[in-house]
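Chain residues, written in single-letter form:
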Amino acid sequence: MMNVKKYKKGYYMPPYTDVSWAAKDCAEKAPTWCSVDLRDGNQALIIPMNLTEKIEFYKKLVQMGFKEIEVGFPAASETEYEFLRTLVEKDLIPDDVTVQVLTQARKHIIQRTFEALEGVKNAIVHVYNSTSAAQRTQVFHKSKEEIKQIAVEGAALLKELTDRNGSKYRFEYSPESFTGTEPEYALEVCNAVLNVWKPASDRKAIINLPSTVQMSMPHVYASQIAYMSQHLNYRDNIVLSLHPHNDRGCGVADAELGLLAGAERIEGTLFGNGERTGNVDIVTIALNMYAMGIDPGLDFSNMPELIEVYERVTRMNVPPRQPYAGQLVFAAFSGSHQDAIAKGMKYHADTCQKQWSVPYLLIDPEDLGRHYDADVIRINSQSGQGGVGYVMEQQYGVCMPKKMREDFSYFVKEISDHKHRELKPEDMYHIFVQHYVNIISPFQLEDFSLKKEETKWYGQIVLMVNGKKTILEGSGNGQLDAVSNAICSTYGIHIYNLVYNEHDLDSGSNSRGMAYFGLTYDDRKTAWGVGVDTDIITASVIAFISAVNQMEGIKEKVKFCQKREAAYEKDIYKDGIAQH
Ligand SMILES: CC(=O)SCCNC(=O)CCNC(=O)[C@H](O)C(C)(C)COP(=O)(O)OP(=O)(O)OC[C@H]1O[C@@H](n2cnc3c(N)ncnc32)[C@H](O)[C@@H]1OP(=O)(O)O
Ligand SMILES: CC(C)C(=O)C(=O)O
Ligand SMILES: [Mg+2]
């Protein structure tokens, strides 16, 4: 049974702060990114990554441009410890990359962490303890003062061990469960930690404010961040960091508003892996910036490869609607979207647009290594002629006349609807060929030979008509006209309003041409046919005959004519002698 009375707000609004941050429309530059895939992401996996998998993921993060990477919780397990040792011993930490390690504020855990760090040049040692009202009461059974003391002692030990081994490690403190902590108290604890570290401009401390569990609307978290930003001591020597989780589905909103409110750094994971509903998805925040013209400083140009590595080593899936990354996030199935995208792409190509503004596509999928043909315009029963025409043109160089595209797209949609599935480009091409190209019943072209005399063309057209060889005489203003006149007058076919188009299919001396014919008959019906040949006149004749063959009732009409012809012949050649 659901019982709403069981719940109340678990967060605390901060005392009034300057809210001018809320008037900004977006961050001015990218924050410092810190990937916590190998720690927070890893600790949430059903099977945490093994050493080999962690190394592969780590290398990918470095390759993408991460300069701060939380590589693990070295005191947690042998694998975690060994991983950091491997990075050191195999010299896998570039000079411009800082590895970060997480530790509880407990002496033996901190000591073990420092053992793992032996030989690391640039490190951030990240210590945390929970400060929330719920954890103070239920988990630690300690007063506010005692909890603050845990943080202060942990901070002091970090400083002592760092000073002792002569390294210049940077420090990070997280009041874990910050979002369930009274802001004034979180501030008091953070300031107490900072008083131990006394950060300087050349060795800034990181204060990381996690929405360990997301509890409020994003502007509340942002107000908490603004409050901390405006009241922390040593503010100029602090990097204010966010660590949003996603319990209410607002991780990205928390991060974006938190940046406006004063934060400078974001801890998150690729595709939002992490505890429960995950950590904030760095891909989304970074590409949201990219889409606004802000360089995120991370490289996502081969998203398919990134996804492949991520899915393999974490055994997680990137859902199809995951922003920027999911298989379907650039796909348009619906007709009006496809039409606008196809026209937008053409506009961009024709006018050499520098600024991306194609309708329905927030960014250019090709920037992420995705392809228009395979990823964008996809065909099902919701699609329209714009999309169908686009795919046929891009994939097969088939540029149908506009009216024919309409005819073809309805045909394609109907098939998709009845089969109840998406149609791939090869399916459509197959339908196109079967339905329009070189249709041979009842008429099949065998040969034609026409000559021009003065202004007119005369000659013979050899056809198989329902399998019977038939020679027709024809004349007309052009060769096509001669063929058309011969067939139409012999079989009583009335057509008007021809639509004709042709183009090269391939290049080179042996190139083939494609010709299209649309014939209007019975006032409103149109039949379409297509011919392909190295000789464009032959292609056109085939297209014409194919279109005639597509006319409704043509088979019956031709059969009737053939029967009448046979009867007539029987009549006049009765007994082998001509009667008239
Ligand atoms: C929100 C986050 O993601 S926080 C990070 C969480 N990640 C992980 O925990 C993954 C790695 N952790 C581990 O492998 C283990 O927890 C270890 C090895 C670090 C420690 O294991 P254990 O010693 O068995 O202790 P455990 O983690 O259960 O902690 C329990 C004790 O530590 C105390 N404790 C927990 N966190 C902290 C902390 N951050 N600082 C100080 N004390 C802490 C608890 O109050 C409890 O104390 P008690 O025994 O006096 O009741
Ligand atoms: C360790 C801390 C930063 C954490 O992961 C969290 O609070 O979510
Ligand atoms: Mg976390």
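None of the values given here were measured: they were computed from a predicted structure.

A.B. asks: I'd like a description of the site of ligand 2, backed by residues and values.
C.D. replies: The environment of ligand 2 is made up of Asp40, Leu102, Tyr128, Ser174, Glu176, Asn208, Pro210, Thr212, His243 and His245. Those elements giving two or more residues to the shell around ligand 2 turn out to be strand 5 (170-176) and strand 6 (205-211). Per-class residue counts for the shell around ligand 2 are 3 nonpolar, 5 polar and 2 charged.

A.B. asks: Please give an account of helix 8 (residues 218-231) that cites residues and values.
C.D. replies: Taking 1.5 Å of rise per residue, the 14 residues of helix 8 would be expected to cover 20 Å, and the 20 Å separating its terminal C-alpha atoms lies within 8% of that figure. For helix 8, the tally of buried residues reaches 10 of 14 residues, placing the bulk of the element in the interior. Within helix 8 the residues assigned to the buried category are Pro218, Tyr221, Ala222, Ser223, Gln224, Ile225, Ala226, Tyr227, Met228 and Ser229.

A.B. asks: I'd love a proper account of the UniProt feature "domain: Pyruvate carboxyltransferase" (unreviewed entry) in the protein chain, names of residues and values included.
C.D. replies: UniProt feature "domain: Pyruvate carboxyltransferase" (unreviewed entry): in the numbering of this structure it lies at residues 31-304. Between the first and last C-alpha atoms of residues 31-304 the distance is 25 Å; the span itself is 45% helix and 18% strand.

A.B. asks: With reference to specific residues and values, describe the pairing of strand 9 (residues 443-453).
C.D. replies: In this structure, strand 9 lies alongside strand 10 (residues 456-465), joined through 10 bridges in antiparallel fashion. Its bridge partner being in strand 10, Lys452 is matched across the sheet by Trp457. Linking strand 9 to strand 10, which pair antiparallel, is a turn of 2 residues; within it Glu454 sits at a positive phi near 55°.

A.B. asks: Please set out the sheet that holds strand 9 residue by residue, giving values where relevant.
C.D. replies: Overall, antiparallel pairing links the 3 strands, which are arranged 9-10-11 in an open sheet. What marks the edges here is a single partner per strand, and that holds for strand 9 and strand 11 (468-476). In this sheet, neighbouring strand axes are inclined to one another by 15° on average, regardless of whether the strands run parallel or antiparallel. Inspection of the sheet shows strand 10 paired to strand 11 by 9 bridges, in the antiparallel sense. Of the residues in strand 11, the one forming a bridge with Gln460 is Glu473.

A.B. asks: Let's hear about the packing of helix 2 (residues 51-64) against helix 11 (residues 303-314): which residues, and what values?
C.D. replies: The interhelical angle for the contact between helix 2 and helix 11, taken along N-to-C directions, is 155°, at an axis separation of 10 Å. It follows that helix 2 is roughly antiparallel to helix 11 by the angle criterion. In terms of crossing hand, the pair formed by helix 2 and helix 11 is left-handed. For the pair helix 2 and helix 11, the contacting residues are Glu53, Glu56, Phe57 and Lys60 in the first and Leu306, Val309 and Val313 in the second. Looking at side-chain class alone, the contact of helix 2 with helix 11 contains 4 nonpolar, no polar and 3 charged residues.

A.B. asks: Run through the sheet that holds strand 6, naming residues and quoting values.
C.D. replies: If you trace the 8 strands once around the closed barrel, you get 1-2-3-4-5-6-7-8, paired in parallel fashion. The average undirected angle you get between the axes of adjacent strands in this sheet is 25°. Across the sheet, helix 7 (residues 183-197) is in contact with strand 5 and strand 6; its angle to strand 5 comes to roughly 160°. Its contacts with the sheet place helix 10 (residues 282-291) against strand 1 (32-35) and strand 8 (265-268), and it is angled at close to 140° to strand 8.

A.B. asks: Would you mind going over the environment of Val483 in detail, with residue names and values included?
C.D. replies: Counting through the fold element by element, Val483 comes out in helix 17 (residues 479-491). Between the C-alpha atoms of Val483 and Gly459, which are 24 residues apart in sequence, the distance is 8.9 Å.

A.B. asks: So what's going on with the site of ligand 1? Which residues, and what values?
C.D. replies: Surveying the vicinity of ligand 1 reveals 17 residues, the closest of which are Phe73, Ala76, Gln104, Ala105 and Asn129. At the level of secondary structure, the elements contributing two or more residues to the shell around ligand 1 comprise helix 1 (37-43), strand 4 (123-130) and helix 5 (133-140). Split by residue class, the shell around ligand 1 holds 9 nonpolar, 4 polar and 4 charged.

A.B. asks: Now, about the nonpolar core: what can you tell me, with residues and values included?
C.D. replies: Judged by nonpolar contacts, the single largest core of 95 residues is most densely connected at Val71, Val101, Cys190, Ile207, Ile225 and Val283. Residue contacts for Val101: discarding those within four places in its chain leaves Val71, Gly72, Pro74, Leu84, Thr113, Ala116, Leu117, Ala123, Val125 and His126. If you look at the next biggest cluster of nonpolar residues, it comprises 48 residues, including Ile341, Ile379, Ala482 and Phe517.

Parameters and conventions
Residues numbered from 1 in each chain as written. Chains lettered and ligands numbered in written order. Predicted model: local features only at pLDDT ≥ 70, side-chain atom pairs only at ≥ 80, totals over all residues. Near = placed C-beta within 6 Å. Helix = DSSP H or I, 4+ residues; strand = E, 2+ residues; numbered from the N terminus. Nonpolar A, V, L, I, M, F, W, Y, C, P; charged D, E, K, R; others polar. Expected span 1.5 Å × (residues − 1). Buried ≥ 20, exposed ≤ 12 C-beta atoms within 10 Å, placed from the backbone. UniProt positions renumbered as here; feature names shortened; annotations may be inferred. Pairing = 2+ DSSP bridges. Axes fitted to C-alpha atoms, helices over the stretch in contact; angles between N-to-C directions. Parallel < 35°, antiparallel > 145°, perpendicular 65-115°, else oblique. Left-handed = near helix turned anticlockwise from the far one by under 90°. Contact = placed C-beta atoms within 7 Å. Core = buried A, V, L, I, M, F, W, Y, C linked by C-beta atoms within 7 Å.

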